[in-house]
Every structure is written in structure tokens, then in C-alpha cells.
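Now for the letters of each chain:
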Amino acid sequence: MGRARFSWIVPTLYIIFLLLPIYWLVNMSFKTNQEILSIFTLWPQNPTLANYRVIFTDPAWYNGYINSIIYVVLNTVISVAVALPAAYAFSRYRFLGDKHLFFWLLTNRMAPPAVFVLPFFQLYSAFGLIDTHIAVAIAHCLFNVPLAVWILEGFMSGVPKEIDETAYIDGYSFPRFFTKIFMPLIASGIGVAAFFCFMFSWVELLIARTLTTTDAKPIAATMTRTVSASGLDWGVLAAAGVLTIIPGALVIYFVRNYIAKGFALGRV
Amino acid sequence: MLELRDVTKVVGRETHIRGVSMALERGSLNVLLGPTRSGKTSLMRLMAGLDRPASGDILMDGKSVVGVPVQKRNVAMVYQQFINYPTLTVYENIASPLRVAGRDKATIEAEVRKAAALLRLEPYLERTPLELSGGQQQRTALARALVKGADLVLLDEPLANLDYKLREELRAELPKIFAESGTIFVYATTEPSEALLLGGNTATLSEGRVTQYGPTPEVFRNPVDLVTARTFSDPPLNMLKVTKRGDRFHGPQDTAIAAPASAMALADGTYVLGFRPHHLYLDPPGPQAVALKARVAVTEITGSESFVHLDHGGERWVALAHGVRSIEVDEDLTVYLDPQRLFVFGSDWLLAAAPALRSAA
């Protein structure tokens, strides 16, 4: 009984510690620079939307968001489109070296992205792709395709092979079976895979910043370049941070029921 | 007519099907009977065209179909697991083969309604399969197989995962439902009683080989060899190794059994006697009965029947007795054999003599 009465303490503390930085970010985004730098306040004394106004009116700021969203969506579409057939092959067919190839895919995620920065920069320069959205989208495939393959393979292996065979017996051709029967079956898996691709591409900074200069500059890069003559613009930076969280929060809402399975790479 | 000619299937180093030859007539009901891993499913997959045989030929109406992809063959298959398309409604599940074939809307509607009425799925057409009970899910799969009007319908233990009552019900209906369509109907089962209830022809399988194929009662009464007899008996056939000298079989423990008329002409030598569990009696069945001593190992009571597992010499026997018997484990029991009901197998395991038909059963 005594134990049950205080059982709420630990989760509450945990959530407070988790949410504190986010609260502080939101808090700062509604303050003026003067208030941020001068006094300690738990909530804005003079709430202002000026910081947000700066972001939504200054092309240097809002273009960052547009660029990020363009290459992130491109990357998600490419990653999932490439991973779907690959995952199907891994889940349904046995071929020479299939297990090794499957594991090798994951090892791509084990190298720090910094390792790939130099070769990527050289290669993309050679092909004239520097500062384009597609360059970042393709570069991020290096991490996202293996991840999407692993997640989708897990979901696909949960579908009995007999469903495929029943469809073939019914007369379905492979493409028709895949789009009409199979993809709806693993819709949640596709959603989760897309979410993970979105997230990783959205938060990745190093490669995105190296491969872009102005036209495709991501928001995270914009945020690192806000030091002006008058010092850091704290309020605007905080507002930009808040806006960066929103797309991820939106996407996570749609796949919230499948996220745990996704983190287990579909193997639950 | 579906004809298999010396079909063999090898997976890795294992041979799943070895040298199977059989011919299935149109409009016939064929039961594949065998224990698990005897090759029933492998054989069905070969017939359907899901797998290619390693050697041998499969002909449909005289034409080889080995290279024909499964989409081009007119077959239907129902699995032991309830396999439907979970994202489609029951209606769309049943309509699926017709939609792929590009039939017009009215035909599809009529066919689906007809099949749904036959399998009593009408109230559930708008639900998805996962909202149905197991029996209804399997009926959906059966309805899909039915609407297709396939030349070859393969049912792989379709009732194994259903509860007892549903199984009884569906088993009685299945042959009727598919009979009028004039298809080749193949039904795999592990249960001898199911084969007998379905009738038709039975092929007994053992370790990837078809040991016998013929009319079901014929296979049951005159199994060609010991393996077939054991496959077609549940619990398996009891066995007793004996030596024939003159008109008597001599077994271990000084057993002497008078040879039945059917076995009288057999040459002296070693034989194996086979008798079904319900022909091993706990009470003497008549004056000709032979008494044997056995020790009780296990007893199982099902309600109307008792299974008594007995040890006799090195053999484990099962006796099936009516009613509930109170028999203690490790008790020494006198059991009885009726020489008229004995199968006699030679030392090569081939049938030497079968019990005569009982004139009045």
C-alpha cells in the first residue's frame, strides 16, 4: 500500500527531467533577448511573437525549413521505394550469401557519418551536385536504406508466405499482388520505416551542411550560422528550435502505435 | 486427369518426395493420408505448381504442366492455417480470384453470393477475416477456392485447426460442395478416420513415398504392406513377431495362435501379425479367441472408450475397449486376439493375408 502511494514519484521526476529542456526552449522562444540575458524567469514576463515573426518573414530563415523538408521527403520516398523490393527479397528468398548481405547492410550504420563526408564531397563535386536537394537526399540513403530494409524485412516476415502463394494461386501477377495485397498488409511497417527515414534525415547535420552552400541549405545549418555582430540572437534561435521539433512530432503522431515495433526493427 | 509420373522433390540434401506416380481422375475425391512430415504438403505443392519437381513429370489432361507458372494453372488451394487477405473484406476475399480473372461485376456478385450461401458466410461479407472465428475464416478460404471453379482443388488439412464440432460439420459438407463442380479434389489429412469418412480414393504416404493408392475401403481392408497398414490405423496397428510352423503362429512367451483360413496356405517362416486396437480385446470375443498376457503401461479414457497401452514382450500395444474401465497401471492383464481379424505380413513387410470380410458386421 505504502509502495503504491509513492509509485508516481519516479515517472513524474523522469518526465519533468525530460521535458525541462524542451520547456525551456519554448519558454525562451517567447522572450526577448534582453529578458533571456538579464534575469532568470520561469515564464516570459513580456511574451512576444517577434522571434517567430523573424523566422516567417526572413527568407534566409524559412528557406532553411523548405530546403530541409524537400530533401527529407525526397530521401524518405527514395529510401522506402528502394527498400521495399530489397526487404521482400530478404524475407522471401534464400540466395547465396543472403544473411551476410543483410548484415552488411546494417554495418553501413556503424561508421560515423564524418567518415563519408570527404568522399561524398569529392564525388558530388565531380558530378556537379553540390548544393542541390537531391544530393543530400541520396547521401542520406546510405544510412536510411539499410534501416528501412531492416524494418520492412521484419514486418514482411510477419506475413505468412502462404498469403503470397494464395495470391499467386488466385492468379495475381507479382506486381499486382505486391501493390494490391502485400503493401496494405505491411502499411504500418511502411509508415514506421518512412518515419525513421524522416527522422534520421531531419536531424542529420554534418553531411547536409557539407553538401550544401546556399540554395539547399538545411535549417540546422542556418541555425549554426546565426552569430551576428551583436552576438547570438537567442530568442530567434529558440524559436527556430521549437519549429524544428514540430515536423517530427507531427510524423510521430501518425505512427505512434507502431513505433515500438519499429525500434525492434519489426521483430516483435 | 492429373497424372504424376515418377515425381521426385529434393530440398537441399533431403528428399521430400520420392518417385511418386499416380493418376487422379476428374470429379474424383482423393485423400492423401500420412503422418506429419510424410510429404503430403510437398506433394500438394508439386500438384499446385508452387514447387517444381526435381525429376519426373506432371501432366494435366495429357499435357505437361511442369513449366507452367501457378498463375496460369487453374488450381485452388486451402491451407491448414487460415489464410485470407486480412486487409480485404470477406466479400473481396471470396471475389479475389474472379476479380483477377476480369469477370464482370454481375457475375462476381452472383458467384460470391452463391458460395457465401453454401458456406453460410452471408452475414459476415462486410467484415474482415480477422473479425471472424477460426471456422468462419476457414470457410472464407474454402469459398474462395470454390468460386474459382478450379480443375484441381487442393485442401491441405483444412480442418486440423478447427474445433471438433465444426470439423464434423464441414467434413460432411466439403465433398458435397465440391462434388458437383467436377474438379479433381485432393484432401490431405493425418487422420485415418477422416479418410474413411470422406470415402473416395486414398493414397497413403510414408517418408515421401506413396505406399498405396486405391479406393479408400480397399486400402483400409487390404493394405499392401505393414507401413500402409500402420499409416491407416489410429492408434497405429499393433504388431507381433511370430514364426509359422504348420497351422500355428508361435510368438514370444509360448504364444500359439491358430492360423486363420486365409493364412493357412502360407509357407513356414517368420511373419508379423498386425491387428487393430479395437481387435485387441479385454474380454474374450468368442470361443476361437487366443489369450495373451500383457502388462498395462498407460490407460486413457475418452468417455465412451478406453485406450489401454500394454507391453507384451518387446512390443507396445494399444487396446481400444468400449466404456470406462478401471485398470491399474502395471497390472498384468489377459487380453484376447481373434485369429480371424489378423493381418499377416511377411518378413519383407508385404501383406501375406488379410482378414476376410465379415458377412454380418
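- In the nomenclature of an unreviewed UniProt entry, chain B corresponds to Glycerol-3-phosphate ABC transporter, ATP-binding protein UgpC from the organism Lutibaculum baratangense AMV1.
- Note on chain B: under the UniProt heading Sequence similarities (unreviewed entry), the record states "Belongs to the ABC transporter superfamily."

1. A short note on the overall build of chain B
Then step 1. Check the secondary structure of chain B and you find 8 helices and 21 strands.
Then step 2. Based on the C-alpha atoms only, the size of chain B along its principal axes is roughly 75 × 45 × 40 Å.
Then step 3. Taken across its 361 residues, chain B has 52% of its residues classed as buried.
Then step 4. Taking all contacts inside chain B whose residues are at least 6 apart in sequence as the whole, residues at least 24 apart take part in 65%.

2. A short note on the environment of F345(B)
All names here are of chain B.
Then step 1. Along the polypeptide, F345 turns up in strand β20 (residues 343–346).
Then step 2. Once the C-alpha coordinates of F345 and V224 are considered, the two residues, 121 residues apart in sequence, prove to be 9.1 Å apart.
Then step 3. With residues near it in sequence (within four places) discarded, F345 still touches D225, L226, A229, L237, Y271, V272, G274, L350, L351 and A352.

3. Quick word on the packing of aromatic side chains
The geometry of an aromatic ring pair comes down to the distance between the two centres and the angle between the two planes.
Residues and elements named next belong to chain A.
Then step 1. Here the structure, examined in full by the defined rule, presents 27 aromatic pairs over all chains.
Then step 2. Between Y88 and F178, the ring centres sit 5.4 Å apart and the planes meet at 85 degrees, which makes this aromatic pair edge-to-face. Of this pair, Y88 sits in helix α5 (residues 59–92) while F178 sits in helix α10 (residues 174–185); the two residues are 90 residues apart in sequence, bridging distant segments of the chain. Of the two residues, Y88 and F178, both sit in the buried class.

4. What about the environment of Y124(B)?
Residues and elements named next belong to chain B.
Then step 1. Its place among the elements puts Y124 in the loop between α3 (105–118) and α4 (134–147).
Then step 2. Residues Y124 and V78, spaced 46 residues apart in sequence, show a C-alpha to C-alpha distance of 19 Å.
Then step 3. Setting aside its immediate chain neighbours within four residues, Y124 contacts V90, L132 and Q136.
Then step 4. Side-chain polar atoms of Y124 contact the side chain of Q136, separated by 3.1 Å.

5. Examining a nonpolar patch on the surface
Then step 1. On the surface, a nonpolar cluster with roughly 750 Å² of combined accessible area is contributed by F6(A), W8(A), I9(A), V10(A), L13(A), I16(A) and F17(A).
Then step 2. In this structure, F6(A) sits in the loop between α1 (2–5) and α2 (9–29).

6. Comments concerning unusual backbone geometry
Residues and elements named next belong to chain B.
Then step 1. A cis amide bond links D234 with the next residue in sequence, P235, at an omega value of 0 degrees.
Then step 2. Mapped onto the elements, P235 comes out in the loop between α8 (226–231) and β11 (238–245).
Then step 3. A positive phi angle, near 50 degrees, is found at R120, a position not held by glycine.
Then step 4. Tracing the chain through its elements places R120 in the loop between α3 and α4.
Then step 5. A positive phi angle, near 75 degrees, is found at D330, a position not held by glycine.
Then step 6. By secondary structure assignment, the location of D330 is in the loop between β18 (315–322) and β19 (332–337).

7. A word on the domain arrangement of chain B
Residue and element names in this part refer to chain B.
Then step 1. By domain assignment, chain B separates into domain 1 (2–227) and domain 2 (235–353).
Then step 2. Facing the 8 residues of domain 1 at the interface are 9 residues of domain 2.
Then step 3. For the pairing of domain 1 and domain 2, the buried interface totals around 730 Å² over both sides, and the portion due to carbon and sulfur atoms is 74%.
Then step 4. Across the domain 1-domain 2 interface, the total number found is 0 salt bridges.
Then step 5. Our enumeration of links across domain 1 and domain 2 arrives at 3 residue pairs in polar contact (both at pLDDT 80 or more).

8. Points about the interface of chain A and chain B
Then step 1. Opposite the 17 residues of chain A that make contact, chain B presents 21 residues.
Then step 2. Interface area for chain A against chain B, summed over the two sides, is near 1,700 Å², with a carbon-plus-sulfur share of 62%.
Then step 3. Contact with chain B buries surface across chain A, with E165(A), I169(A) and D170(A) losing the most and accounting together for 37% of the total.
Then step 4. Joining chain A to chain B, the criterion identifies 2 salt bridges.
Then step 5. Seen at the junction of chain A and chain B, the total is 8 residue pairs in polar contact (both at pLDDT 80 or more).
Then step 6. Elements with a minimum of two residues in the side of chain A that touches chain B: α9 (161–170) and α10 of chain A.
Then step 7. The element contributing the most residues to the side of chain A that touches chain B is α9(A), with 8 residues.
Then step 8. For the side of chain A that touches chain B, the per-class residue count stands at 10 nonpolar, 3 polar and 4 charged.

Parameters and conventions
Residues numbered from 1 in each chain as written. Chains lettered and ligands numbered in written order. Predicted model: local features only at pLDDT ≥ 70, side-chain atom pairs only at ≥ 80, totals over all residues. Heavy atoms only, no water. UniProt positions renumbered as here; feature names shortened; annotations may be inferred. Helix = DSSP H or I, 4+ residues; strand = E, 2+ residues; numbered from the N terminus. Buried < 20%, exposed > 50% of the residue type's maximum accessible area, 1.4 Å probe, protein only. Contact = heavy atoms within 4.5 Å. Phe/Tyr/Trp six-rings, centres within 6.5 Å; stacked < 30°, edge-to-face > 60°. Polar contact = N/O pair within 3.5 Å; in protein donor to acceptor, adjacent residues only side chain to side chain. Patch = residues over 30% accessible without salt bridge, like charges linked within 9 Å, V, L, I, M, F, W, Y side chains within 5 Å. Areas by Shrake-Rupley, 256 points an atom, 1.4 Å probe, with all protein chains shown as cover. Salt bridge = Lys/Arg side-chain N within 4 Å of Asp/Glu carboxyl O. Domains from an automatic or database assignment. Buried area = accessible area lost by both parts, 1.4 Å probe. Nonpolar A, V, L, I, M, F, W, Y, C, P; charged D, E, K, R; others polar.

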